[in-house]
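If you want the building blocks of each chain, they are given just below.
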Amino acid sequence: MKNVFLLFLSLFFANLVSAQEFEVLVENQEVIMGESFDVTFKIVTESDDEPQITFDPEGLEVLGRSNRGTSIITTNINGRITRSREVTMVYEMVANSKGRVKLSNIKVELDQRKIGHADVTLRVVESIQKLDDFFALAVPSKTRVYLGESIILRYYIYKKIQIPNFDIKKYPKLDGYLKRFVQEPLRDERVNYNGQIYVRSILYTVQLFPEKIGDLEIDPIKLTVHYPARNMNDPFGSFGLGLGMGYSKLKTKSIGSAPVKVTVMALPAKSVPPHFTGLVGQHELSFQLMKNKFLINEPVEAKLIVKGMGVLENFDAPVLIKNSGLEEFESSADLVLNQDFSATKTFQYTFIARQNFSQEQKAIPLSYFDPEKMEYITIMINVPPIEVAGGKAVDNSIAKSDEPAPAVEEPNRPAPLPKIVEDLGIIGPEFEPKLIRFTTKTINLLLLAIIVVLFGGNFYQWIKPKKMENEYENIFREIKSKGLNYSRLFHFLSGFKNDENSDLLRALQNSTIDEKVKKYFLDLVQACEKNQFYMENKDKKMTINNKYFIDVLNFYKNRRTSASSRKYSGISKASQV
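The rules behind each value
Residues numbered from 1 in each chain as written. Predicted model: local features only at pLDDT ≥ 70, side-chain atom pairs only at ≥ 80, totals over all residues. Heavy atoms only, no water. Helix = DSSP H or I, 4+ residues; strand = E, 2+ residues; numbered from the N terminus. Buried < 20%, exposed > 50% of the residue type's maximum accessible area, 1.4 Å probe, protein only. Contact = heavy atoms within 4.5 Å. Areas by Shrake-Rupley, 256 points an atom, 1.4 Å probe, with all protein chains shown as cover. Core = buried A, V, L, I, M, F, W, Y, C linked by side-chain atoms within 4.5 Å. Patch = residues over 30% accessible without salt bridge, like charges linked within 9 Å, V, L, I, M, F, W, Y side chains within 5 Å. Salt bridge = Lys/Arg side-chain N within 4 Å of Asp/Glu carboxyl O. Pairing = 2+ DSSP bridges. Axes fitted to C-alpha atoms, helices over the stretch in contact; angles between N-to-C directions. Lys, Arg positive; Asp, Glu negative; His and termini not counted. Polar contact = N/O pair within 3.5 Å; in protein donor to acceptor, adjacent residues only side chain to side chain. Arc of directions from axis to C-beta. Phe/Tyr/Trp six-rings, centres within 6.5 Å; stacked < 30°, edge-to-face > 60°. Lys NZ or Arg CZ within 6 Å of the ring centre and 35° of its normal. pLDDT = per-residue confidence, 0-100.

Draft legend 1. Expanded view of the overall build of the protein. Scanning the protein from N- to C-terminus turns up eight helices and 31 strands. Burial statistics for the protein: of 577 residues in total, 34% are counted as buried. Sequence separation of at least 24 residues holds for 71% of the intrachain contacts in the protein that already meet a minimum separation of 6. Accessible area for the protein stands at about 37,400 Å²; split by element, carbon and sulfur atoms hold 53% of it.

Laid out in structure tokens, this is it:
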């Protein structure tokens, strides 16, 4: 039994050694009826015997056989040097009728052992259309998609010859699709197109999302190509490298890609979840709450990040936090396109806590449609618990007290005249006490005027920022209700201007507010200027980030409080002096 097993192993490994590789190669799967073509057999073996090739030509006639040579291959694997031969045999054949033909029962015999090969099937045609030296082609990633599913569309120019330059005369309209324009590197690559080798270059790349059901068309792209004309008298002319008198002149030709049909299917109506977001394709969703506990009038900030292949441009912020104790501001969104043709949309939620409340953790479902699995996928968004506390109670102890109010001392009055004076009717001179009362009253009025002069300006400077602060809050409400424009933004930021900096942008730049807030409003001012004065993005509604506006309002408030403290401290020191 042991000898039989060893014999089997020796035959198996001898078979591997005798023919390590056996290939049958045909240049094209389509051959022309009546024209000869070559079938190449390549055998790699460590045996010194000549391989014997056999096959059955079904519908083919063998015209001849030739040995194209033998090459020696030496390899070193873990210090072991092996030597093998590659034998190339070529058979010339012809097909005399249209249809399918094949080579069957293909075998190679080495050292009295036979190695088999799969059948080779060919298609015989009357003629093969000759391809041009260059042409344009539209290549979509898919031609059968669901409504809202992503399609990557690339327009190429295929070329066999060197083309000095070309101009795109008309870009495709691509009606019926939402479009994302993609900038890809303009690199060349060698490809096999219908059995012929071409070099292709990207002309235009766009990501499409069909917006209606049915058969949609991908429009052609049209361009003008400047190419060298072939010159039979110049051996270099066909390469555009004409020398001397026989150089090739450039010709001009207009070409365009053929239109492509795309079939758009409706999403399955069965089992559509009530929390379907409308997104098609795989998506990732994550929710972040900056913290869980808040004080009254403190901003509550949260973030939802959505990444995937769907139309995130049309995806609005879902309601994830809702409570009567929170004043909700308009959420902002930021869309970023990724290199892998996906997109990431980040929603910033901003609320103001207005009253005490406690909300438990919630799990909110959101769904998208996966076209690969052809089913709806649900993701649970975990919203952490929220607690708001710290309301200030009103002290009503004085109002509720039943004790009588303490007596208020009256101002000093002149002592009454002695009784004898009243009886005798003796009355002192009137001018002296009148003079004293007049002088005291005058001094009091003068002191009051001085106090008004000294403190009136300080009081006005204290009350003015407060009024302006209320004005800025009103401007912020107007921006949220009526929209953002340059005038409203200019008035909202005018609080940064002071005696040292009358220029708004310079005052904002030199302010002590957070650098992120500063950069946001500098960019926003520039965007508003372009929108209003340079007619850029005129019809596009500008969105705002409520958080940064609230930060500016708090900055105004803190600055007023600090200024009041400094002025009060200065007055106290002056009084001590």
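Draft legend 2. Main features of the nonpolar core. Of all hydrophobic cores here, the largest spans 29 residues; its most connected members are L489, F492, L493, F496, F521 and F549. Listing elements by their share of this core, those giving two or more residues are α4 (431–482), α5 (486–493), α6 (504–510), α7 (515–533) and α8 (546–576). For this core, the element with the most residues is α8, which contributes seven residues. When near neighbours in sequence (up to four residues on either side) are disregarded, F496 contacts A507, L508, S511, I513, V552, F555, Y556 and R559. Core analysis: the next-biggest nonpolar cluster, separate from the first, contains 28 residues, F287, A343, F347 and F357 among them.

Draft legend 3. Structural view of a nonpolar patch on the surface. A cluster of nonpolar side chains, namely I443, L447 and I450, defines an oily patch on the protein surface of about 270 Å² accessible area. Secondary-structure assignment places I450 in helix α4.

Draft legend 4. Spatial organisation of the environment of E284. Along the polypeptide, E284 turns up in strand β22 (residues 283–289). On the basis of relative accessibility, which here comes to 55%, the residue E284 falls in the exposed class. Residues E284 and V306, 22 residues apart in the sequence, show an inter-C-alpha distance of 5.7 Å. Not counting the four nearest positions on each side in its chain, E284 is found in contact with I305, V306 and K307.

Draft legend 5. The environment of T74, seen in detail. Relative to the helices and strands, T74 is located in strand β5 (residues 61–77). Placed 10 residues apart in sequence, T74 and S84 show a C-alpha to C-alpha distance of 6.4 Å.

Draft legend 6. Layout of the sheet that holds strand β31 (residues 386–389). On the basis of which strands lie adjacent, the open sheet formed by three strands has the order β23-β31-β28 and mixed pairing. Of all the strands in the sheet, just β23 (293–295) and β28 (357–359) have a single pairing partner and so form its edges. With direction set aside, neighbouring strand axes in the sheet form an average angle of 15°. Strand direction decides the pairing type here: β28 and β31, joined by three bridges, are antiparallel. Counted as the bridge partner of F357 is V388 from β31.

Draft legend 7. Here's a closer look at the side chain of K345. The topology assignment puts K345 in strand β27 (residues 343–353). Although buried, K345 forms no salt bridge, and the nearest oppositely charged side chain, D316, lies 5.3 Å from it. Here the side chain of K345 touches F315 through a polar contact of 2.8 Å, landing on its backbone oxygen. Setting aside chain neighbours within four positions, we find K345 in contact with L304, I305, V306, L312, E313, F315, A333, D334 and L335.

Draft legend 8. Structural detail: α5. Those residues of α5 that fall on the buried side of the exposure criterion are R488, L489, F492 and L493. Along α5, the residues classed as buried sweep out an arc of 125° about the axis, all on the same side. At the N-terminal boundary of α5, the capping side chain belongs to N485, with an oxygen 3.3 Å from the backbone nitrogen of S487.

Draft legend 9. Region of the structure containing the packing of aromatic side chains. The final tally for this structure, using the stated rule, is 31 aromatic pairs. Geometrically, the ring pair formed by F521 and F549 is edge-to-face, given 5.0 Å between the ring centres and 70° between the ring planes. Residue F521 is located in helix α7, and its partner F549 is located in helix α8; the two are separated by 28 residues in the primary sequence. Each member of the pair F521 and F549 is classed as buried. A cation over a ring is seen here: R200 above Y156, with NZ or CZ 4.0 Å from the ring centre. Above the face of the F476 ring, K480 is positioned so that its terminal group lies 4.9 Å from the ring centre.

Draft legend 10. Highlighting the confidence of the model for the protein. Summarising the model, the protein shows a mean pLDDT of 78, and 75% of its residues fall at 70 or more. Put simply, helix α2 (residues 397–400) is where the protein has its lowest mean pLDDT, 34, and strand β12 (residues 151–159) is where it has its highest, 95. Overall, residues 417–438 carries pLDDT values under 50, and its contacts beyond four positions in sequence, including any with other chains, amount to two contacts. Overall, residues 571–577 carries pLDDT values under 50, and its contacts beyond four positions in sequence, including any with other chains, amount to two contacts.

Draft legend 11. Structural context of unusual backbone geometry. One non-glycine residue with positive phi stands out, namely L174, at about 60°. Within the secondary structure, L174 sits in the loop between β13 (165–170) and β14 (177–182). A positive phi angle, close to 70°, is found at N297, a residue other than glycine.

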